[in-house]
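Breakdown of the fold
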Amino acid sequence: MSNANLKELFGGLQNQMIAQLNTNREFITHPGSVGDALENVWIEWLRKYLPNRYCVDKAIVIDSNGATSDQIDVVIYDQHFTPFVFNQNGFIYIPAEGVYAVFEVKPDFQGSVKVSNKETINYFEYAGRKIESVRKLKRTSARIINAGEYKDPRALTKIIGGILTSTNSIKQEKTLINHLKSLTGLKSMEMGCSISYGSFYVDYEGIQDLSPENVQESIEKYYLVRKFQNVEFSEKEISLVSFFLQLTHYLQQVIGTVASIDLDSYANAIGFKIDKRI
């Protein structure tokens, strides 16, 4: 029996992704259309290779108070413990409780966005603000029945934040590290990938309070007090695969399953009382 060459298999996967991104960049010239095409490539790729329990979409995240996030390019979310997702006029709305990860998609790590007449910010800061708009939303946690037994509400899970690009024009690795280090609190970023450069993940020092009391305050405090340690970069030849392996590890072996949504909170928002018995 011959052995599969994993490096060649993963390399072929990465080359397919690069070819698809390059084709979109070459033949689509309208800036808005290019952005949509890049986002769609990442969404379709993640849908294809992530386990079926994870949904992936471009979306807006909402909470039980009616607050919304910015529009997020890539949202990885759950539909088992958060059973309702709205699709209205082409916009997908996902309850905050169901979100595992959010990513901003840009063509390159280097670039800037004019957010007002007086302010222009780099892509990392822009991505950080998008991530913050999701993490600051209210999330609930409710008890569930597992194997016939009631399980108490649990602490909220972390939400992964990151940035995805095709290329990187920033010459100095130190500049990339400084961009990531500048993102603090709810804006901070865990990981990202530039296919032609490499993937990265950020190490932080900090421990989350896993007690079920004051779940929203506990998760926000975790982001506010954790300390930046360092950044680890992959080789460019394995950028896509290393990103995927790291993301899957975070999803399955660090986060696990999101907390069950408290449907009472959403029912109260529409003036409806849920019956607790059957």
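Use the structure listed above.
Scoring rules and cut-offs
- Every residue gets a number counted from 1 within its own chain, in the order that chain's sequence is written.
- Local features are withheld for residues below a pLDDT of 70 in this predicted model, meaning they are given only at 70 or higher, and side-chain atom pairs are given and counted only at 80 or more; totals for whole chains, interfaces and linings count all residues.
- Excluding hydrogens and water, the side-chain values take into account all heavy atoms of the structure.
- Going along the chain from the N terminus, every DSSP run of H or I of four or more residues is numbered as a helix, and every run of E of two or more is numbered as a strand.
- Throughout this description, buried means an accessible area under 20% of the type-specific maximum (1.4 Å probe, protein chains only), exposed means over 50%, and partly exposed covers the range between.
- Polar contacts here mean pairs of N or O atoms no more than 3.5 Å apart (in protein, one a potential hydrogen donor and the other a potential acceptor; neighbouring residues in sequence count only if both atoms are side-chain atoms).
- Two residues qualify as a contact provided that any one of their heavy atoms is within 4.5 Å of a heavy atom in the partner residue.
- Put simply, a nonpolar core is a bunch of buried Ala, Val, Leu, Ile, Met, Phe, Trp, Tyr and Cys residues held in one set by side-chain atoms that sit within 4.5 Å of each other.
- For this analysis, a salt bridge means a side-chain nitrogen from Lys or Arg found within 4 Å of a carboxyl oxygen belonging to Asp or Glu.
- One fewer than the residue count of a helix, multiplied by 1.5 Å, yields its expected span.
- The pairing criterion for strands is at least two bridges between them, as found by DSSP.
- Classification remark: right-handed applies to a crossover when, strands pointing away from the viewer, the course from the first strand over the helix to the second runs clockwise.

Observations concerning the side chain of Asn168
- Structurally, Asn168 can be placed in the loop between β10 (160-165) and α4 (173-182).
- Relative accessible area serves as the criterion here: at 15%, Asn168 is assigned to the buried category.
- In this structure the side chain of Asn168 is engaged in a polar contact, spanning 3.0 Å, whose partner is the backbone nitrogen of Ile170.
- In this structure Asn168 touches Asp108, Phe109, Leu176, Ser194, Ser196 and Tyr197, once residues within four positions along its chain are discounted.

With respect to the nonpolar core
- The biggest cluster of nonpolar side chains holds 37 residues, and the ones touching the most others in it are Val75, Val99, Val102, Phe124, Ile163, Met189 and Phe200.
- Residue assignment for this core shows that the elements contributing at least two residues are β1 (55-62), β2 (68-77), β4 (91-95), β5 (99-105), α3 (123-135), α4, β12 (198-205) and α5 (215-225).
- A total of 5 residues in this core trace back to one element, the largest contributor, which is α3.
- Grouped together as the second largest cluster of nonpolar side chains are 32 residues, Leu50, Val56, Val74 and Leu240 included.

Focus on the pattern of salt bridges
- Tallied over the entire structure, the rule returns 12 salt bridges.
- The salt bridge partner of Lys187 is Glu125, with a shortest N-O separation of 2.8 Å. Here the residue Lys187 occupies a position in the loop between α4 and β11 (191-194), and Glu125 occupies one in helix α3, the gap between them amounting to 62 residues.
- Here Arg226 makes a salt bridge to Glu190, at a shortest N to O gap of 2.5 Å. Of this pair, Arg226 sits in the loop between α5 and β13 (227-233) while Glu190 sits in the loop between α4 and β11, and the two are 36 residues apart along the sequence. Both residues of the pair, Arg226 and Glu190, count as buried.

Thoughts on helix α6 (residues 239-255)
- In this model, α6 (17 residues) spans 22 Å end to end at C-alpha, consistent with the 24 Å of a helix rising 1.5 Å per residue.
- Among all positions in α6, only Ser239, Leu240, Val241, Ser242, Phe243, Phe244, Gln246, Leu247, Thr248, Tyr250, Leu251 and Ile255 are buried.
- Of the residues trailing α6, Gly256 is marked for its positive phi of about 80°.

Comments concerning the pairing of β10
- Burial within β10 is extensive, with 6 of its 6 residues counted as buried.
- Judged by which residues are buried, β10 turns out to be covered on both faces: Ile160, Gly162 and Leu164 on one side and Gly161, Ile163 and Thr165 on the other are all buried.
- When β5 meets β10, the two strands line up parallel, connected through 5 bridges. Across the sheet, Val105 pairs through a bridge with Leu164, a residue of β10.
- Looking at chain direction, β10 and β11 are connected through 4 bridges and run parallel. If you follow Gly162 over to β11, its bridge partner there is Met191.
- The parallel pair β10 and β11 is bridged by α4, and the resulting crossover is right-handed.

Considerations on unusual backbone geometry
- Of note, the phi angle at Asn89 is positive, near 55°, even though the residue is not glycine.
- Along the chain, Asn89 falls in the loop between β3 (86-88) and β4.
- One non-glycine residue, Asn214, lies in positive phi territory at about 50°.
- Locating Asn214 in the fold gives a position in the loop between β12 and α5.
- Asn214 gets classed as exposed once you look at its relative accessible area, which sits at 55%.

Concerning the pairing of β2
- Counting buried residues along β2, 7 of its 10 residues qualify, which places the element largely inside the surrounding structure.
- Two elements, β1 and β2, share 6 bridges in a ladder whose sense is antiparallel. Bridge assignment links Ile62 to a residue of β2, and that residue is Thr68.
- Summarising the sheet, β2 and β5 pair through 4 bridges and their orientation is antiparallel. Across the sheet, residue Tyr77 finds its bridge partner in β5, namely Val99.

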